[in-house]
Amino acid sequence: MDRGQDCSTTEEWAAYRRSILAGRYWISPDGPRPRWKHDVFSRLLRVFGGVLRLTPLLARGVRNSLDLRLTELELAPKGWPAAFDGYRILHVTDTHLDILPAIAEAAAAMLDGIEVDLLALTGDVHGWARNPIHQSVEPLARALGGVRVRERRLAILGNHDPVEMIAALEPLGFETLVNRTTALVRDGVTVHVTGLDDVHDFYSLAARRALDARQDGFRVALVHSPEMADHAAAAGCGLYLSGHTHGGQICRPNGRPIFTQLVRCRHAASGVWRQGDMVGYTSPGLGVSPPMVRFNCRGGAALITLRCGENDR
Ligand SMILES: [Fe+2]
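Right, let's walk through the structure included here. Keep in mind that what you see is a predicted model, and the values were worked out from it rather than measured.

1. Quick word on the sheet that holds strand β14 (residues 300–306)
Hydrogen bonding along the main chain pairs the strands of a sheet, whether they run parallel or antiparallel. Across the sheet, six strands lie side by side as β3-β14-β4-β5-β6-β7; this open sheet has mixed pairing. Each having just a single partner strand, β3 (69–75) and β7 (175–176) make up the two edges of the open sheet. Bridge count for strand β4 (residues 87–92) against strand β5 (residues 115–121) is four bridges, and the pairing is parallel. Directly across from H91, in β5, lies its bridge partner A120.

This is the structure in structure tokens:
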């Protein structure tokens, strides 16, 4: 299991994911890495969270976590088809609403009445593995209740999402892409959307194969972390949407993240970035990981309007 297994069936994929959870290594695109390092980091964060509880900073940090921003972006990736000019995507990620459920009400107020063509949910709906899954999915339904989606709701899994999240998201209208591609069609023109399973911890050759499969027409990659940016650009994707980093969640006063939780492609840790001809966006995410505070960094969602570039008309 040095570079990720070749999961040909859903059963093989689910078994592979569970074997990683039971093992001592996470698997990323560059190979396995020992889990103990992350376990030590998590313990240190718990100590930090315990210290925060003794200070007024905890209340301030939680208030910051509830202070969401709707980021409105207009992107014109090279080759975006004229038939899709003005196409609107609501990009939501890293909701983790079982950790801080009050974010659901703040999100519902922010998103109420928004109309989009596509709702893209790029993983980490869940937070703590020991919490039942409904504790993250039910508040997500409240958060998204006022959004009008004209066409598709597409989701992918994050590193905190169990296999069971796929079925849990179905009643909310989501189709979860696990290392496969779906087509958006307008006026006979097709945009291909490839959604990967999380690659930070659960990379498999199936993810790479889905990315490398030849598709004629514009290609969008939905990947929980930006750690496939180089591979996606090389495969011909023109747009890449991701999360995972929480924008750092706790940042320096200049807004730069202290930790990104990335093992590669660190240039793509937050905001809009480029990789060759591909445009990428890494969202700060709606929710938080423990400790459930934000400093010098706000969470939220992105409303993305896609424009056909002048040279593409
Ligand atoms: Fe996350």
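2. Notes on the coordination of the iron ion
Coordination sphere of the iron ion, protein contribution only: D94 (OD), H96 (NE2), D124 (OD) and H246 (NE2), at 2.1 to 2.4 Å. The site at the iron ion holds four donor atoms, and with the angles between them running 89 to 176°, its shape is irregular. All donor residues of the iron ion come from one chain, and their arrangement in sequence is D-x1-H-x27-D-x121-H. With D124 in the loop between β5 and α5 (134–144) and H246 in the loop between β11 (239–242) and β12 (271–275), this pair connects stretches of sequence that are 122 residues apart. On the basis of relative accessibility, which here comes to 2%, the residue D124 falls in the buried class.

3. Notes on the pattern of salt bridges
The tally for this structure, following the rule as stated, stands at 20 salt bridges. For the salt bridge of R18 with E164, the shortest nitrogen-to-oxygen distance reads 2.8 Å. Linking R18 in helix α1 (residues 10–22) with E164 in the loop between β6 (148–155) and α6 (165–169), this pair joins segments that are 146 residues apart in sequence. One salt bridge in this structure joins R214 and D216, with 2.6 Å as the shortest N-O distance. Judged on exposure class, the residue R214 and its partner D216 are both exposed. Here the salt bridges do not stand alone but share partners, grouping E115, D117, R148, R150, E151 and R186 into one network.

4. Examining the packing of helix α4 (residues 103–111) against α5
Where α4 contacts α5, the axes come no closer than 7 Å and their chain directions differ by 25°. If you check the angle between α4 and α5, you find them roughly parallel. When you trace α4 past α5, the crossing you get is right-handed. Residue-level contacts link A104, E105, A107, A108 and L111 of α4 to P139, R142, A143 and L144 of α5. Tallied by class, the residues present in the contact of α4 with α5 amount to seven nonpolar, no polar and two charged.

5. Considering a nonpolar patch on the surface
Taken together, the side chains of W36, V40 and L44 present a nonpolar region at the surface, about 330 Å² in accessible area. You can see W36 is positioned in helix α2 (residues 35–53).

6. Concerning the pairing of β6
Summarising the sheet, β5 and β6 pair through six bridges and their orientation is parallel. Bridging across to β6, E115 finds its partner in R148. Chirality of the crossover, the property in question, places the unit of β5, α5 and β6 among those that are right-handed. By the bridge criterion, two bridges tie β6 to β7 in an arrangement that is parallel. Across the sheet, L154 pairs through a bridge with E175, a residue of β7.

7. Thoughts on α5
For α5, every residue scored as buried is listed here: S136, V137, P139, L140, A143 and L144. The elements touched by buried residues of α5 are β4, α4, β5 and α6.

Scoring rules and cut-offs
Residues numbered from 1 in each chain as written. Predicted model: local features only at pLDDT ≥ 70, side-chain atom pairs only at ≥ 80, totals over all residues. Heavy atoms only, no water. Pairing = 2+ DSSP bridges. Helix = DSSP H or I, 4+ residues; strand = E, 2+ residues; numbered from the N terminus. Donors = N, O, S within 2.8 Å, 3.2 Å for Na, K, Ca; no water. Tetrahedral: all angles 85-135°; square planar, octahedral: opposite > 155°, others 65-115°. Buried < 20%, exposed > 50% of the residue type's maximum accessible area, 1.4 Å probe, protein only. Salt bridge = Lys/Arg side-chain N within 4 Å of Asp/Glu carboxyl O. Axes fitted to C-alpha atoms, helices over the stretch in contact; angles between N-to-C directions. Parallel < 35°, antiparallel > 145°, perpendicular 65-115°, else oblique. Left-handed = near helix turned anticlockwise from the far one by under 90°. Contact = heavy atoms within 4.5 Å. Nonpolar A, V, L, I, M, F, W, Y, C, P; charged D, E, K, R; others polar. Patch = residues over 30% accessible without salt bridge, like charges linked within 9 Å, V, L, I, M, F, W, Y side chains within 5 Å. Areas by Shrake-Rupley, 256 points an atom, 1.4 Å probe, with all protein chains shown as cover. Right-handed = clockwise from strand over helix to strand, strands pointing away.

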